[in-house]
Amino acid sequence: MKMNVKKFVVMAEAVLQKVVPTFTVKLVADPDDSETFFAYVFCVPDGSEREVKDRLYAVIEEKLDDSEFCVIPSVTNLTMTAEFYPQYLRDPSPTSAIPS
């Protein structure tokens with residue numbers, strides 16, 4: 001049985017948020033593929049991106065791979081966030097920094 005997209009997003013965000021509780025995790029649908037989501041995480045300390053991404057991938061593999069949806073982490077460090085997504089530094093919602 002196919003999982004409702006909204007339920008999946010809520011569940012996946014909660015699972016991923018537990019992995020990186022100090023950062024906001026927001027799933028955003030891929031505009032080209034309705035079964036793929038990007039897990040946006042901004043303001044990660046410089047040099048910690050790989051560690052955060054690896055932790056997210058491990059939980060995705062362990063807890064989310066059985067779903068029909070694909071989740072891809074997108075981790076941006078603090079320097080890149082400040083340079084390319086400065087509005088995210090003021091706004092706690094990662095989607096505010098994602099160009100539409």
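Residues numbered from 1 in each chain as written. Predicted model: local features only at pLDDT ≥ 70, side-chain atom pairs only at ≥ 80, totals over all residues. Heavy atoms only, no water.

K.L.:
Before we move on, can you summarise a negative patch on the surface with the specific residues and values?
P.N.:
Taken together, the side chains of Glu61, Glu62, Asp65 and Asp66 present a region of like negative charge at the surface. Along the chain, Asp65 turns up in the loop between helix 2 (49-64) and strand 3 (70-77). (Patch = residues over 30% accessible without salt bridge, like charges linked within 9 Å, V, L, I, M, F, W, Y side chains within 5 Å. Areas by Shrake-Rupley, 256 points an atom, 1.4 Å probe, with all protein chains shown as cover. Salt bridge = Lys/Arg side-chain N within 4 Å of Asp/Glu carboxyl O. Lys, Arg positive; Asp, Glu negative; His and termini not counted. Charge placed at Lys NZ, Arg CZ, Asp CG, Glu CD. Helix = DSSP H or I, 4+ residues; strand = E, 2+ residues; numbered from the N terminus.)

K.L.:
Can you break down the nonpolar core residue by residue, with the values?
P.N.:
Ranked by internal contacts, the top residues of the largest apolar core, which has 22 residues, are Phe8, Leu16, Leu27, Leu56 and Val71. Among the secondary structure elements, those contributing two or more residues to this core are helix 1 (5-19), strand 1 (25-30), strand 2 (33-44), helix 2 and strand 3. What Leu56 contacts, discounting residues up to four positions off in sequence, is Leu16, Val19, Val20, Val41, Pro73 and Val75. (Core = buried A, V, L, I, M, F, W, Y, C linked by side-chain atoms within 4.5 Å. Buried < 20%, exposed > 50% of the residue type's maximum accessible area, 1.4 Å probe, protein only. Contact = heavy atoms within 4.5 Å.)

K.L.:
Break down the pattern of salt bridges for me, with residues and values.
P.N.:
For side chains bearing opposite charge, pairing can occur when the charged atoms are close. Under the criterion given, the structure shown has 3 salt bridges. Across the pair Lys26 and Glu13 runs a salt bridge, and its minimum N-O distance is 3.8 Å. Here Glu13 lies in helix 1 and Lys26 lies in strand 1, a separation of 13 residues in the sequence. In this structure Lys26 comes out as partly exposed when scored by relative accessible area, which is 30%. Since its relative accessible area comes to 16%, Glu13 is described here as buried.

K.L.:
Tell me about the sheet that holds strand 1, and please be specific about residues and values.
P.N.:
Strand order in this open sheet of 3 strands is 1-2-3, and the pairing throughout is mixed. Two strands close off the open sheet at either side, each with one partner strand: strand 1 and strand 3. With strand direction ignored, the average angle separating the axes of adjacent strands in the sheet is 30°. Packing of helix 1 onto the sheet brings it into contact with strand 1, strand 2 and strand 3, and relative to strand 1 it is tilted by some 140°. Those strands touched by helix 2 are strand 2 and strand 3, and its axis lies near 165° from that of strand 3. (Pairing = 2+ DSSP bridges. Axes fitted to C-alpha atoms, helices over the stretch in contact; angles between N-to-C directions.)

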